[in-house]
Amino acid sequence: MDKFTALEPTRLYSSSTSAQNKRANRAQTISRWIGKLPVDIHLLVLNHLPIPDIPAYARASRATAGLSRDEKVWERRWNDLAITRHALDDTLDDLESKQKPKAGTRSRSPPTIPVDSLDDDFGEFTSAPRTSAVPSLSAAFTSFALTDASPGKQTFRARYTRAHLILKKCLAPLKEPPHAVLSALTPLIGTSLLSQARSLRLLSFFLSPRVRPVRNWDILLAALKAATERFDVSLLTAFDAADSRGDEVMMREVAHASWEVWPGIGDWEMGKVWAEKREILYEQGRWNPLANFTTENTLDFTPMDEFMASVIRALEEHGTRAVFVFPPAAGVLIGFAERVANEVVGEYIAPLLTRAREISNALYLTAVAASFRESWRIVDVLTTVSSNFNGKGKDKAEDVVFMMFEPNMDEYLDEEIESLKQAFEVICKEWDRSTLALASHSTSPKAQQTRFLTAQNPALMKRTVLASFTDMLLLPVTIVPRTVGAGVVAVGGAVGGAVGAVGTGMVQGIAMLNPQRWVGGTGSVDKAKEYASFSFGGAEGEDAIFEVGAGDEEGGDDGVDDSSILPYTASIASASTAATSFAPEASPASATKTKLAPTENLDLLLSLDVALQLIHADRDALKRLETFASYPSQYGARVRETIEEAFCEMLGVLCNRHLEKGFGIATERMNSYKPAEHEQTVSVASLLQFFELVHIGDTIQSMVQVFFDKELAPYIDKTDFLNVVVREKKRFENTLDDCVAAGLNAGTQVLMNQVEHIILTLTKPREYYPPEDAPLELGSTEGCTEAIRCLDTHCKLLKDSTSKEVLEVFYQEVGIRLLAILQKHIKRQIISLNGGFQVIADLNAYYSFIASLKVPNITADFSHLKMLGHVFVVEDAKDLAQIVRDVTRYGGAYRPEDIYEFIQRRADWKKIEKTVDKTMYNLSFKEDCIVC
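All values derive from a computational prediction rather than experimental measurement.

### Regarding the pattern of salt bridges
Reasoning step 1: Counted under the stated rule, the structure contains 40 salt bridges.
Reasoning step 2: Salt-bridge contacts for Asp240 lead to Lys277; the nearest nitrogen and oxygen are separated by 2.5 Å. Of this pair, Asp240 sits in helix H11 (residues 217-245) while Lys277 sits in the loop between helix H13 (269-276) and helix H14 (302-325), and the two are 37 residues apart along the sequence.
Reasoning step 3: In this structure, the salt-bridge partner of Arg657 is Glu425, at a minimum N-O distance of 2.9 Å. Placement of the pair is Arg657 in helix H31 (residues 633-671) and Glu425 in helix H19 (residues 409-440), with a sequence separation of 232 residues.
Reasoning step 4: By relative accessible area, which is 30% here, Arg657 ends up partly exposed.

This is how it looks when you write it as structure tokens:
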């Protein structure tokens with residue numbers, strides 16, 4: 001133990017004070033200081049020192065001398081000269097070549113200070129000979145600057161030194177009188193105009209406040225500016241003379257020289273003066289904007305075509321010269337185009353729009369879109385004249401027209417929506433008036449005709465209508481009216497084959513696909529009236545409402561082949577002729593449909609015509625708005641918002657004022673339908689007509705979807721569920737589904753009331769209790785046959801008019817209600833053993849019909865009901881009781897108590913009641929009932 005000594009405690013961690021001291025020592029070692037200031041401050045001072053003061057700063061100490069050679073300092077000085085930025089290296093080389101001494105001359109080097117011989121930190125310059133004369137400032141700077149600045153290194157310091165020495169030799173002529181400065185500078189900067197201009201520009205950078213190369217730099221800069229102004233004035237005079245002679249080469253040389261000496265502040269005088277001398281800016285009196293209006297107050301833009309052709313010729317002529325003469329960076333062409341657009345085209349358009357607004361709003365909207373389309377020709381000519389306006393540069397050319405037309409945009413966008421609302425209001429009022437007229441002529445044969453239901457294939461007819469509608473959407477729209485009343489007539493004969501077998505009502509719907517009504521350019525005074533004037537031929541008793549005018553038959557100047565019209569008009573005429581009488585052999589269902597009673601006319605509550613009119617009005621507005629779709633910034637956003645608002649307004653009117661209203665009236669009338677008041681038993685007129693409404697509603701929804709995909713989809717994100725258009729379209733679809741669902745619910749009730757009425761009225765009193773000697777016929781009864789026929793007719797009609805999901809719900813509801821009706825009907829009868837076989841025959845027929853609907857759960861219920869019919873043909877009472885007690889026999893659909901109610905309708909019930917009760921419940925009134 002004596003060999004061991006205690007260990008001394010050691011400090012595992014240093015104290016905070018010692019750690020801070022160590023960090024401070026390391027920081028002092030890392031950071032660089034010159035005197036009491038860090039290097040960064042010294043560099044900041046050097047960056048702002050005038051060039052003549054840098055040698056004095058460098059003589060302060062060895063450290064400052066080394067810092068004054070730092071490349072960061074001289075990089076900034078070199079950049080201040082802007083030689084690289086403005087590509088003036090060649091100019092600097094030319095100046096240097098002119099300053100080289102001629103052969104045979106001897107140059108004397110200025111006295112220098114031997115800076116490199118200094119090696120101590122405090123007495124740097126004490127080693128210089130005391131008897132030597134004090135060198136001049138320039139000599140000192142020259143010695144300082146040239147030290148270690150050999151040209152081979154190409155450092156920023158060497159570059160600046162070379163430029164400084166070259167440009168400083170050009171400062172002496174600036175001390176001459178103002179009128180002699182240019183003459184004195186000519187031997188140094190050359191005689192070429194472009195060379196002189198670039199040299200003057202380089203000297204202006206050299207004498208700038210950022211460089212300050214000499215002490216009197218401000219005085220020399222003022223003299224240089226005066227000389228530059230004299231030089232620019234002489235260039236302007238030379239340019240004017242060359243312009244008068246048409247000497248484009250001289251104009252180009254002078255213009256480029258003037259652009260080089262322009263300081264970049266304000267407008268470039270030469271480009272401005274050239275633009276002001278163009279005659280196109282002073283010829284407004286030659287053109288009359290009001291000549292675009294005819295005596296009938298319609299538009300004919302032929303005068304504006306001539307006006308714009310003159311403007312385009314001027315832009316082509318002067319623009320081509322501007323591209324050749326002026327530097328691209330000067331922007332002379334774009335400035336000239338802006339003046340032409342604002343002072344010529346804009347002044348022409350303003351009174352034209354004012355006059356159009358005084359005539360009508362519809363004419364004003366057409367005039368705005370047409371004027372903008374005509375003005376857009378300026379962009380086309382600019383992109384043709386100069387390649388600088390192609391690609392990304394095209395935005396500058398487009399901005400010329402956008403900026404010119406901006407004062408008209410607010411009023412136009414507001415008016416577009418207001419006029420659209422007025423057009424919708426007129427269409428709806430006209431439809432309401434026409435509907436009342438149709439209702440008052442319920443005996444009119446054409447008012448009775450259904451449309452889709454009379455076709456052998458409603459789905460094919462629907463696809464044909466949509467295909468024709470799509471073709472109409474693809475037709476070009478004439479924005480600029482060229483001649484009064486001109487239109488484009490072009491349509492294929494795709495509709496012809498399918499239309500021939502359709503009634504007049506269907507022809508009325510397709511007639512709205514007349515391309516004459518879908519193509520603009522008519523110059524109509526009031527578009528709202530035009531939309532509402534589309535004929536409702538079925539009400540007026542007209543056979544054909546698609547007509548081609550004499551002017552259209554002759555063919556317009558639009559290059560459309562009129563032969564394409566003939567198949568379409570022929571198909572319409574044949575359809576109209578065929579509409580007067582339906583062929584009864586067309587199909588069994590159609591033979592029934594032609595006997596409908598004209599009491600309700602629910603199929604007249606909706607119209608494809610109205611939907612097409614609303615879409616037509618919205619499409620007209622949309623096509624005008626598309627003209628402005630490329631507008632940038634806030635007006636571009638407003639245009640897109642207006643496009644969305646126009647579509648939403650159309651959906652709202654179509655939904656609230658037409659579909660919802662029509663389906664609501666139809667549902668109300670179906671709820672008040674009483675089968676006993678109608679002679680026809682197999683067909684429910686109101687329900688058939690409601691099915692026609694479902695067809696029309698489904699077609700309208702498809703048309704809206706096509707219109708949305710073709711016209712609206714390019715402007716919105718269809719996957720954005722928060723977009724107002726997507727939400728409004730979803731609301732429209734949901735409303736239509738709700739209307740159809742409510743109508744189907746009422747229609748189902750009407751149908752089942754009719755079925756119950758058929759069963760009650762056609763079932764004979766002893767249908768299921770025939771006489772004992774009556775022959776046994778195992779066919780279904782007349783009431784059963786007619787009820788199934790009624791159900792089958794209406795179910796088939798709905799099959800192609802709604803979705804599979806809605807159809808399945810309808811079938812299921814029909815099955816549930818029919819099951820209740822049959823159970824109620826059986827409980828009202830007295831059924832004998834022979835009549836039981838008749839009950840089974842009827843139940844088998846009902847089961848077969850329900851099975852054809854292919855709804856599994858309802859089919860199972862009718863299978864159990866069919867099995868229930870066996871209780872009426874079992875003779876033995878005990879066997880009957882066992883059948884009643886066997887719950888599994890009916891799949892759990894009926895309890896023993898339910899079956900007990902049915903067997904009470906047996907004709908022999910009084911005879912077998914006790915036996916059945918005893919067998920079912922093990923009851924004996926003689927044994928179990930004791931009267932005390």
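### Re the packing of H14 against helix H16 (residues 361-375)
Reasoning step 1: Packing of H14 against H16 leaves a shortest axis separation of 10 Å and a crossing angle of 25°. Between H14 and H16, the interaxial angle falls into the category roughly parallel. As for the relative orientation of H14 and H16, their crossing is right-handed in sense. Contacts between H14 and H16 pair Met304, Asp305 and Met308 from the former with Ser371, Glu374 and Ser375 from the latter.
Reasoning step 2: Partitioned by chemical class, the residues of the contact of H14 with H16 number two nonpolar, two polar and two charged.

### A few points about the nonpolar core
Reasoning step 1: With 238 residues, the main nonpolar core has Phe326, Leu382, Phe628, Phe663, Leu751 and Val916 as its most contacted residues.
Reasoning step 2: With sequence-adjacent residues up to four places away left out, Leu382 is seen in contact with Leu333, Ile334, Ala337, Phe389, Ala397 and Val400.

### Remarks on helix H6 (residues 89-99)
Reasoning step 1: All buried positions along H6 are accounted for by Thr91, Leu92, Leu95 and Gln99. The arc enclosing the buried residues of H6, seen along the axis, measures out at 100°, which places them on a common side.
Reasoning step 2: Looking at the buried side of H6, the elements it contacts are helix H8 (156-168), helix H9 (181-189) and helix H10 (193-206).

### Some words on the packing of aromatic side chains
Reasoning step 1: Scanning the model with the defined rule gives 27 aromatic pairs in all.
Reasoning step 2: Measuring from ring centre to ring centre gives 4.0 Å for Phe307 and Tyr348, while their planes differ by 5°; the resulting arrangement is stacked. Here the residue Phe307 occupies a position in helix H14, and Tyr348 occupies one in helix H15 (residues 332-359), the gap between them amounting to 41 residues. The pair Phe307 / Tyr348 is uniform in exposure class, with both members buried.
Reasoning step 3: Geometrically, the ring pair formed by Phe372 and Trp376 is tilted, given 5.7 Å between the ring centres and 35° between the ring planes. Here Phe372 matches Trp376 in class, with each residue buried.

### With respect to the side chain of Asp80
Reasoning step 1: In this fold, Asp80 is placed in helix H5 (residues 71-81).
Reasoning step 2: For Asp80, a relative accessible area of 10% gives the class buried.
Reasoning step 3: Apart from residues lying up to four places away in sequence, Asp80 is in contact with Phe205, Arg210 and Val211.

### Describing the confidence of the model for the protein chain
Reasoning step 1: On average, the protein chain scores 77 in pLDDT, and the residues at 70 or more come to 74%.
Reasoning step 2: Note that residues 23-31 has pLDDT below 50 and, in this model, zero contacts with residues that lie over four places away or in other chains.
Reasoning step 3: Here residues 442-450 is a poorly scored stretch, pLDDT under 50, and it has 22 contacts once near neighbours within four places are set aside; other chains count.

### Focus: the environment of Glu296
Reasoning step 1: Relative to the helices and strands, Glu296 is located in the loop between H13 and H14.
Reasoning step 2: Glu296 gets classed as exposed once you look at its relative accessible area, which sits at 53%.
Reasoning step 3: Engagement of the side chain of Glu296 in a polar contact is seen with the side chain of Thr295, the distance being 3.2 Å.

### Topic: the packing of H8 against H10
Working note: a packed helix pair is described by the angle between its axes plus the distance between those axes.
Reasoning step 1: Between H8 and H10, whose axes approach to 11 Å, the crossing angle comes to 115°. If you check the angle between H8 and H10, you find them roughly perpendicular. Every pair of crossing elements has a handedness; the one defined by H8 and H10 is left-handed. Contacts from Tyr160, His164, Leu167 and Lys168 of H8 reach H10 at Leu202, Leu203 and Phe206.

So, how was this worked out
Residues numbered from 1 in each chain as written. Predicted model: local features only at pLDDT ≥ 70, side-chain atom pairs only at ≥ 80, totals over all residues. Heavy atoms only, no water. Salt bridge = Lys/Arg side-chain N within 4 Å of Asp/Glu carboxyl O. Helix = DSSP H or I, 4+ residues; strand = E, 2+ residues; numbered from the N terminus. Buried < 20%, exposed > 50% of the residue type's maximum accessible area, 1.4 Å probe, protein only. Axes fitted to C-alpha atoms, helices over the stretch in contact; angles between N-to-C directions. Parallel < 35°, antiparallel > 145°, perpendicular 65-115°, else oblique. Left-handed = near helix turned anticlockwise from the far one by under 90°. Contact = heavy atoms within 4.5 Å. Nonpolar A, V, L, I, M, F, W, Y, C, P; charged D, E, K, R; others polar. Core = buried A, V, L, I, M, F, W, Y, C linked by side-chain atoms within 4.5 Å. Arc of directions from axis to C-beta. Phe/Tyr/Trp six-rings, centres within 6.5 Å; stacked < 30°, edge-to-face > 60°. pLDDT = per-residue confidence, 0-100. Polar contact = N/O pair within 3.5 Å; in protein donor to acceptor, adjacent residues only side chain to side chain.

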